[in-house]
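# Descriptive structure summary
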Amino acid sequence: MKKIQFFDTTLRDGEQTPGVNFNTEEKVQIAKQLEAYGIDVIEAGFPISSPGDFEAVRAIAGAVSHMTVAGLARCRKEDIDRAHEALKDAADPQIHVFLATSDIHMKYKLKMTPEEVLASIKEHVAYARSKFEKVQFSPEDATRTNKDFLVKAVQTAIDAGATIINIPDTVGYTNPTEYGALFRHLRENIANFADVTFSSHCHDDLGMATANALAAIENGATRVEGTMNGIGERAGNTAIEEVAIALHIRKDFYQAESSIVFNQTKRTSDLVSRLSGVSIPRNKAVIGANAYAHESGIHQDGVLKNPDTYEIITPSLVGVDSNSLPLGKLSGKHAFATRVAELGYDLAADEMNDAFKRFKVLADKKKQVTVDDLHALIAGQTQEKKDHYLLENLQLQYVSSGRQGAIVCISDKEGNTYTDSAVGAGSIQSIYNTIDRILQQEIILSDYRIKSVTGGEDAQAEVHVVVKHPETGRKYNGVGIDFDVLQASAKAYLQASSALQR
Ligand SMILES: CC(=O)SCCNC(=O)CCNC(=O)[C@H](O)C(C)(C)COP(=O)(O)OP(=O)(O)OC[C@H]1O[C@@H](n2cnc3c(N)ncnc32)[C@H](O)[C@@H]1OP(=O)(O)O
Ligand SMILES: CC(C)C(=O)C(=O)O
């Protein structure tokens, strides 16, 4: 098994995410959590960039005990001096010196010739080495750099004293085949490749940052740079938690291990998300809210029988409490029955079948069926079983100004069905007038209240009515629950009428 080190740059490249700005206290908090997560090296910042960044690097250097603390520096002596100053209290300091090597960066950004770039690498890496034992050099934009020139730049850095070489895919341009081949090329052409730590640093512009990092590992890299949750410049960096878990779950393939403390994954990710303000997409690998949720019936049935059928990561491994089986229109009977039983209902087989049919109708209308929806559904079903009359269907004619019309069909316990129609000042009144005609009753509606049982725009409605017998003055209650408020109103009125007619 080879050992893969993780270099976390959440506080440096991660902070380059537009809109993200950590203060020193937050940086120290994240650094300590990254240490608990088992990160080997933390890039605490870019000390020359601002007094705040300098201070944060200094504070982190003094706050962590067994993680290497790195600071970034351009090929400029003042950058290296500033990093040295910021890291002077670190138990294990490292400097990260970089200089771009691609034609486009050298010509347009640096305005330097390739020869000047090689000379600068030699001079500044040597200067860094005079101050640090651990010197990392990154040829920025390496994946768009001429391969022969990249070898020269890397060899120059190693000869000048670099102990770590990082190969950045600065603009997220490469792919796993090409990036893997680049590491092979370096392995074959760098004299003392094995004496130096080779590292990957990928960006996610084409969505391949994790795959590229893994390809680097397959081809000689023993260190991976990345950020928690993949935050970073533009589309972000390699997500550390993804590479770490991929190595662990596919140990059989990668033959590699790391110091990552997996059950700290969720906690670390949550902290970075909260302090950065960058929320995690629900479908994000490893730590997204849906990563351990199974909605479709066949998957839910499999997971209930044995979680390994559809779960390659056990939620507790990464510090997630448990998996979940959210109910939706694609869910099946096994998951539905399990949830109903968990909610404390003991339904007979025919009741369960009936409830499942109603659930499917409801789920077709709602994005997700919640626990409240289930309570409402079962409460409605239990109540309707007791009622003499049942609503079969309802048809309404809406006129923008004028009287509204309703056609109502109801059935009774003996299996008779009755259909009639009537008009009213509003839709609900037209429904109630029709029910009165069918049941040949004259009753007084003394109260009508409506509330939503569940949340969201697709909430179920619960309607409460109180009707009064015109002669005895006795009052009868009715409750109707339905996805549709007019249906719920009809059901409530029928229930109250059933009670009055008994
Ligand atoms: C690929 C990466 O992510 S690299 C890290 C990127 N991160 C950041 O840039 C965040 C922090 N940066 C900053 O605060 C500022 O850019 C500073 C303090 C570093 C520099 O600020 P300024 O002096 O105002 O320069 P500015 O940012 O406008 O331009 C960068 C200068 O650095 C030069 N430069 C860029 N990279 C390097 C390098 N590796 N080595 C030496 N010089 C470099 C540029 O050519 C340019 O030089 P010029 O002023 O002679 O034209
Ligand atoms: C400083 C380097 C490693 C970098 O962040 C990049 O090239 O993306």
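Quantities reported herein were computed from a predicted structural model and do not represent experimental measurements.

### Topic: the site of ligand 2
If you check the shell around ligand 2, you find Asp13, Phe98, Ser138, Glu140, Asn166, Pro168, Thr170 and His201 and nothing else. For the shell around ligand 2, the secondary structure elements donating two or more residues are strand S6 (135-140) and strand S7 (164-169).

### Comments concerning the site of ligand 1
As a matter of local geometry, ligand 1 sits amid 15 residues, with Ser49, Arg74, Cys75, Phe98 and Leu99 nearest to it. Among the elements of the structure, strand S5 (93-100) and helix H4 (103-110) are those that each provide at least two residues to the shell around ligand 1. Taken together, the residues of the shell around ligand 1 sort by class into 6 nonpolar, 3 polar and 6 charged.

### Structural notes on the sheet that holds S6
Backbone-to-backbone hydrogen bonds join strands into a sheet, with any given pair of strands oriented parallel or antiparallel. One closed barrel accounts for 8 strands, arranged S2-S3-S4-S5-S6-S7-S8-S9; its pairing is parallel. Taking the axes of each pair of neighbouring strands and ignoring which way they run, one obtains an average angle of 25 degrees across the sheet. Bridge count for strand S2 (residues 5-8) against strand S9 (residues 223-226) is 4 bridges, and the pairing is parallel. The residue bridging Gln5 from the neighbouring strand is Arg223, located in S9. Lying on the sheet, helix H6 (residues 147-159) is in contact with S6 and S7; it crosses S6 at an angle near 165 degrees.

### Regarding the domain arrangement of the chain
Under the domain assignment, the chain is made up of domain 1 (2-276), domain 2 (297-362) and domain 3 (387-501). Computed from C-alpha coordinates alone, the two centres of domain 1 and domain 2 are separated by 43 Å. Taken together, the elements giving at least two residues each to the side of domain 1 that touches domain 2 come down to helix H9 (240-249) and helix H11 (265-276). With 3 residues, H11 is the single largest residue contributor to the side of domain 1 that touches domain 2. Broken down by class, the residue content of the side of domain 1 that touches domain 2 amounts to 3 nonpolar, 3 polar and 2 charged.

### Some remarks on the UniProt feature "binding site: Mn(2+)" (unreviewed entry) in the chain
According to UniProt, the positions carrying the feature "binding site: Mn(2+)" (unreviewed entry) are Asp13, His201, His203 and Asn237. Of the residues just listed, which span 225 residues, no C-alpha pair is farther apart than 10.4 Å, and they cluster in one region. Position of Asp13 relative to the elements: it lies in the loop between S2 and helix H1 (24-36). With sequence-adjacent residues up to four places away left out, Asp13 is seen in contact with Thr227, Gly232, Glu233 and Asn237. In this structure, His203 sits in the loop between strand S8 (197-202) and helix H8 (209-218).

### Some thoughts on the nonpolar core
Residues Ile42, Ala44, Val69 and Val97 are the most contacted members of the largest nonpolar core, which totals 90 residues. Tallying contributions element by element places H8 first for this core, with 7 residues. If near-sequence neighbours (up to four positions away) are discounted, Ile42 is found in contact with Asp8, Leu11, Ala31, Leu34, Ile60, Met67, Val69 and Ala70. Counting residues in hydrophobic clusters, the runner-up holds 39 residues, among them Val303, Ala376, Ile428 and Tyr493.

### Section: the confidence of the model for the chain
Interpretation of this model should avoid reading the predicted coordinates in detail wherever pLDDT is low. Summary statistics for the chain give a mean pLDDT of 95 and a share of 100% for residues scoring 70 or more. No element of the chain has a lower mean pLDDT than helix H15 (residues 371-386), which averages 80, and none a higher one than S6, which averages 99. Note on the complex model: pTM 0.85, ipTM 0.98.

### A look at the packing of helix H14 (residues 349-365) against H15
One can describe the packing of H14 onto H15 by two numbers: an axis separation of 10 Å at closest approach and a directional angle of 130 degrees. Looking at the two axes, H14 sits oblique to H15. Like other packed secondary-structure pairs, H14 and H15 cross with a definite hand, here right-handed. Along the contact surface, H14 presents Asp354, Ala355, Arg358, Phe359 and Leu362, while H15 presents Asp373, Leu377, Ile378 and Gln381. For the contact of H14 with H15, a count of residues per class yields 5 nonpolar, 1 polar and 3 charged.

### Notes on the sheet that holds strand S15 (residues 461-468)
Taken together, the 3 strands give an open sheet; going across it, the order is S14-S15-S16, and neighbouring strands pair in antiparallel fashion. A strand with exactly one partner marks an edge of an open sheet, and here the two such strands are strand S14 (444-452) and strand S16 (475-482). Between one strand axis and the next, the sheet turns through 15 degrees on average, direction left out of account. One ladder, built from 8 bridges, connects S15 with S16; its direction is antiparallel. The residue of S16 that forms the bridge with Val465 is Gly478. Along the sheet face, helix H17 (residues 485-501) touches S14, S15 and S16 and points at about 150 degrees away from the line of S16.

Cut-off values and rules
- Per-chain numbering applies: the sequence of each chain, read as written, is numbered from 1 onward.
- To label them, take the chains in the order written and letter them from A, then take the ligands in the order written and number them from 1.
- Where totals are concerned, whole chains, interfaces and linings use all residues; where local detail is concerned, this predicted model gives features only for residues with pLDDT of at least 70, and gives and counts side-chain atom pairs only at 80 or more.
- Placing a C-beta atom from the backbone of each residue, we mark the residue near a molecule or strand if the atom is within 6 Å of it.
- Only DSSP runs of H or I covering at least 4 residues are called helices, and only runs of E covering at least 2 are called strands; the numbering of each starts at the N terminus.
- In the scheme used here, Gly and all other residues not listed as nonpolar or charged are polar, with Ala, Val, Leu, Ile, Met, Phe, Trp, Tyr, Cys and Pro taken as nonpolar and Asp, Glu, Lys and Arg as charged.
- In this description, strands pair whenever DSSP reports at least two bridges between them.
- Structural elements are reduced to axes, namely lines fitted to C-alpha atoms, with helices fitted over the stretch in contact, and the angle between N-to-C directions of any two is expressed from 0 to 180 degrees.
- Residues are defined as contacting one another if the C-beta atoms placed from their backbone atoms lie within 7 Å.
- Where a domain begins and ends is set by an automatic assignment or by a domain database.
- UniProt positions are given in the numbering used here, feature names are shortened, and annotations may be inferred rather than shown by experiment.
- Only buried Ala, Val, Leu, Ile, Met, Phe, Trp, Tyr and Cys residues enter a nonpolar core, and they are joined through C-beta atoms within 7 Å.
- Residues are called buried when their C-beta atom has 20 or more other C-beta atoms within 10 Å, exposed when it has 12 or fewer, and partly exposed otherwise; all C-beta atoms are positioned from the backbone.
- On a range of 0 to 100, pLDDT expresses the predictor's confidence in each residue.
- Put simply, angles under 35 degrees are roughly parallel, angles over 145 are roughly antiparallel, angles from 65 to 115 are roughly perpendicular, and the rest are oblique.
- By definition, turning the near helix anticlockwise from the far helix through less than a right angle yields a left-handed crossing, and turning it clockwise yields a right-handed one.

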